[in-house]
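# Coordinate inspection notes
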Amino acid sequence: MIALAAALAVSGAARAATAVPGADAIASRTLTNGLKIVVWPDHDIPSANYYTFYKVGSRNERPGITGLAHFFEHMMFNGTTRREPGEFDREMEAAGGSNNASTSNDLTVYTDWFPSSALETIFDLESDRMAHLAFVPKVVESERGVVYSERRLRVDNDNFGTLMEQVQAAAFTAHPYTFPTIGWPSDIENWKQEDLQQFFKTYYAPNNAVLVVAGDVEPQQVFALADKYLAPLAKQPAPTPVTTVEPEQQGERRVVVEKADAQSALIAYAFHTGMGEADADIPALELLTSILSQGDSSRLHQRLVEREQAAVDTGAFLDAGFDPGLLWIYAALPPGGDLARVEKLLDDELARVADQGVGAAELEKARNFKLASFWRGLATINGKARALGEYEVFHGDYRKLFDAPAAYAAVTPAQVQALAKKILRVQNRTTGLLKPVAASKEAAR
């Protein structure tokens, strides 16, 4: 609480940073090959995190190669010209480390957790797969099958995943955010070896990445290892920039998905926000999203679940990246639930926010949720590393992370209402309905 009060009491990037213990020790450097490195020393425990943020996601794909960024999330663990498949994990685990990765519309992120004594091992492993990834046909086909299996699990056999994919494809008519991160089935089946090699060379290059190390390390120690393992890697031509701007939506779009194996209905709204992650109004939009959906006392839960008992679950979340994204609002109905009624209730509750605004108390509650989440994140070395990287990538400067508490504190009820009026319009949304239907006799045979 002392740190929180201090952060809210100061202003400006430099002064706000001093409110976060240890933030003044952060150091950064850019190698000659374009790789930006940020280091946050934290000596509370003898562990460290190594995050690599590659600026590539489904937004960098095109018809025919959708899903490739997600495919490389898998492939990057499957051998190099120096190491056999599986050796990456074996070496890391032998040194006490573990790892994971994720892919989104905008980024592919790889992270390693390890005792700080293993720092050089991690640099050796990560530089190897950045420079020498192997494209063994047998391994490629194996991972193609893994990706296709994941698609079946997360989309084809998941009602909400199915609905989201269809709604997103309808919400964007021009921008590559229309592509599902996991890829379209026919593309997964038909990626060619040359597609993989060209995509890797273009996007998994030092000049298209940001490296963040946090934990029981010293900046000069990290920079020395970067000079040894990463500086020799070749810079590649800059990727072709994404310049497509999604045209303003001129009216509601509706998507209906009928599934014979669905037990209950779903409804999802996707509103164009007109904002990317670095937009000045994003803190206000995050607070509006929290007011609508965070916790059992949120507006949507209270109205649809508690009072009207028309839904069993409600929620909202924000997609914000390099380019303007979507605000998603959804409700899950009980078996036999009335979709038309739930849609009417949703519309009424969203109209109330736009027409009447939000109260000071509920805005303060949302602000407290957001600040608590912010400080909980910075309490761990993993949270420190991820937050620094996200701000460096999306905002262009990791130091803007420390302006976040002041940005949330500055949001007013009037600002939230103005955003609700601008964004929560029927003409600005794509509506998705998932309806259970009886299986046909032919399908049942």
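Residues numbered from 1 in each chain as written. Predicted model: local features only at pLDDT ≥ 70, side-chain atom pairs only at ≥ 80, totals over all residues. Heavy atoms only, no water.

## Digging into the overall build of the protein
The cut-off we apply is this: Strands are runs of DSSP state E lasting at least two residues, helices are runs of H or I lasting at least four, and both sets are numbered from the N terminus onward. As a reference, a globule follows 2.2 Å times the number of residues to the power 0.38, and the radius of gyration itself is taken over C-alpha atoms. The classification of residues rests on relative accessible area computed with a 1.4 Å probe and restricted to protein chains. Under 20% of the type maximum is buried, over 50% is exposed, and intermediate values are partly exposed. Two residues qualify as a contact provided that any one of their heavy atoms is within 4.5 Å of a heavy atom in the partner residue. Per-residue accessibility takes into account occlusion by the displayed protein chains alone, with areas from the Shrake-Rupley method and a 1.4 Å probe. Charge convention: Lys and Arg are scored as positive, Asp and Glu as negative, and His as well as the terminal groups of each chain are ignored. Throughout, a charge is located at the NZ atom of Lys, the CZ atom of Arg, the CG atom of Asp or the CD atom of Glu.
Looking only at helices and strands, one finds 18 helices and eleven strands in the protein. The C-alpha atoms of the protein give 23 Å as radius of gyration, which agrees with the globular expectation for 445 residues (22 Å, within 12%). By its C-alpha atoms, the protein is 65 × 65 × 40 Å across when sized along the principal axes. Relative to its full complement of 445 residues, the protein shows a buried share of 54%. Taking all contacts inside the protein whose residues are at least 6 apart in sequence as the whole, residues at least 24 apart take part in 80%. Total accessible area on the protein is roughly 19100 Å²; 51% of this is exposed by carbon and sulfur atoms. Here the protein contributes 43 positively and 57 negatively charged side chains, and the mean placements of these two sets differ by 4 Å.

## Side note on the packing of aromatic side chains
As a reminder, the rule being used: In summary, the pairing rule links any two rings of Phe, Tyr or Trp, Trp by its six-membered ring, whose centres are within 6.5 Å, and it sorts them by plane angle into stacked for under 30 degrees, edge-to-face for over 60 and tilted for everything else. Comment: the charge-over-ring label is applied if NZ (Lys) or CZ (Arg) is within 6 Å of the ring centre and within 35 degrees of the ring normal.
Applying the stated criterion across every chain yields a total of 24 aromatic pairs. Between the aromatic rings of F374 and W375, the centroid separation amounts to 5.1 Å while the plane-to-plane angle is 90°, which identifies the pairing as edge-to-face. With respect to burial, F374 and W375 carry one shared label: buried. Clustering of aromatic rings is evident, with ring pairs tying together Y54, F71, F72, F77, F88, Y110, F135, W191, F199, F200, Y203 and Y204. Sitting above the plane of the F77 ring, R129 keeps its charged end 4.6 Å from the centroid. Over the face of the ring belonging to Y398 we find R399, whose NZ or CZ atom lies 5.8 Å from the ring centre.

## Examining the packing of helix α3 (residues 68–75) against helix α9 (residues 193–203)
Going by this rule: A fitted line through C-alpha atoms serves as each axis, taken over the contacting stretch for helices, and the angle formed by two N-to-C directions is quoted from 0 to 180°. Should an angle fall under 35 degrees it is called roughly parallel, over 145 degrees roughly antiparallel, and 65 to 115 degrees roughly perpendicular, with every other angle called oblique. Just so you know the grouping, Ala, Val, Leu, Ile, Met, Phe, Trp, Tyr, Cys and Pro go in nonpolar, Asp, Glu, Lys and Arg go in charged, and all remaining residues, Gly too, go in polar.
Closest axis-to-axis distance for the α3/α9 pair is 11 Å, and the angle between their directions is 85°. In this view, α3 runs roughly perpendicular relative to α9, as classed from their interaxial angle. Here L68, A69, F71 and F72 of α3 come into contact with α9, specifically with D195, L196, F199 and F200. Across the contact of α3 with α9, the residue classes tally to seven nonpolar, no polar and one charged.

## Side note on the confidence of the model for the protein
To keep things clear, this is the line we draw: pLDDT expresses how confident the predictor is about each individual residue, on a scale running from 0 to 100.
When the pLDDT values of the protein are averaged, the result is 93; 94% of them are 70 or greater. Low pLDDT, under 50, characterises residues 441–445; the stretch is placed with zero contacts to residues that sit more than four places away or in other chains.

## Some words on the sheet that holds strand β3 (residues 47–54)
We apply this condition: If DSSP finds at least two bridges between two strands, the strands pair.
Spatially, the six strands line up as an open sheet ordered β1-β2-β6-β3-β5-β4, and their pairing is mixed. Each having just a single partner strand, β1 (27–30) and β4 (98–103) make up the two edges of the open sheet. Taking the axes of each pair of neighbouring strands and ignoring which way they run, one obtains an average angle of 15° across the sheet. Across four bridges, the pairing between β1 and strand β2 (residues 36–41) is antiparallel. If you follow R29 over to β2, its bridge partner there is I37.

## Notes on the sheet that holds strand β10 (residues 326–332)
Here we have five strands laid out as an open sheet, ordered β7-β11-β8-β10-β9, and mixed in their pairing. At either end of the open sheet lies a strand with only one pairing partner, and these are β7 (253–259) and β9 (313–318). Within this sheet the neighbouring strands show an average axis-to-axis angle of 15°, counted without direction. When β7 meets strand β11 (residues 429–436), the two strands line up parallel, connected through seven bridges. Looking at the pairing, V257 lines up with L434 of β11. Each of β7, β8 (266–272), β10 and β11 is contacted by helix α13 (residues 339–356), which is oriented at about 35° to β8, the strand it contacts most.

## A word on the side chain of H74
One can find H74 in helix α3. You can call H74 buried: its relative accessible area is 17%.

## So, helix α7 (residues 159–171)
To be explicit about the condition: What a helix should span is 1.5 Å times the count of its residues minus one. The term polar contact refers here to a pair of N or O atoms within 3.5 Å; inside protein, the definition further demands a hydrogen-donor-capable atom paired with an acceptor-capable atom, and it admits residues adjacent in sequence only when both atoms are side-chain atoms.
Its 13 residues give α7 an end-to-end C-alpha distance of 18 Å, which sits within 8% of 18 Å, the value for a rise of 1.5 Å per residue. Looking at the buried residues of α7, the elements they touch are α6 (137–156), β7, β8, β9, β10 and β11. At the N-terminal end of α7, a side-chain oxygen is found 3.2 Å from the backbone nitrogen of F160, two or three residues along, and the residue is D158.

## Observations regarding helix α10 (residues 219–229)
Note the threshold: Working definition: the arc comes from the directions between the helix axis and the C-beta atoms, pointing outward to the latter.
Every buried residue of α10 is accounted for by P219, V222, F223, L225, A226 and Y229. In an axial view of α10, the angular spread of the buried residues amounts to 160°, which keeps them on one side of the axis. Projecting away from the buried face of α10 at angles above 90 degrees are the exposed residues Q220 and K228. Where α10 is buried, its residues meet β1, β2, α5 (119–132) and β6 (209–215).

## Observations concerning the environment of P180
On the secondary structure map, P180 appears in the loop between α7 and α8 (185–190). As a C-alpha pair, P180 and Q193 span 13 residues in sequence and 21 Å in three-dimensional space. The residues contacting P180, other than those within four sequence positions of it, are S58 and E165.

## Some remarks on unusual backbone geometry
Keep in mind that most residues, glycine aside, have a negative phi and that most peptide bonds are trans. Not every positive phi belongs to a glycine, and Q309 is a case in point at roughly 50°. Counting through the fold element by element, Q309 comes out in the loop between α12 (299–307) and β9. For Q309, a relative accessible area of 62% gives the class exposed.

## Overview of the pattern of salt bridges
When the charged atoms of two side chains with opposite charge come close together, those side chains can pair. Heads up, the rule is: Each reported salt bridge corresponds to a side-chain nitrogen of Lys or Arg within 4 Å of a carboxyl oxygen of Asp or Glu.
Going through the model one piece at a time under the given rule, you end up with 32 salt bridges. R429 is the salt-bridge partner of E252, the closest N and O atoms lying 3.4 Å from each other. Taken together, the residues span a long stretch of sequence, with E252 in the loop between α10 and β7 and R429 in strand β11 at a distance of 177 residues. Using a relative accessible area of 3% as the deciding quantity, one classes R429 as buried. For E343, the salt bridge goes to R429, with nearest N and O atoms at 3.5 Å. Pair noted here: E343 is in helix α13 and R429 is in strand β11, with a separation of 86 residues, a long-range link. Ionic contacts of the salt-bridge type, sharing partners, join the residues R299, R303, E308, R341, D348, E349, R352 and E362 into one network.

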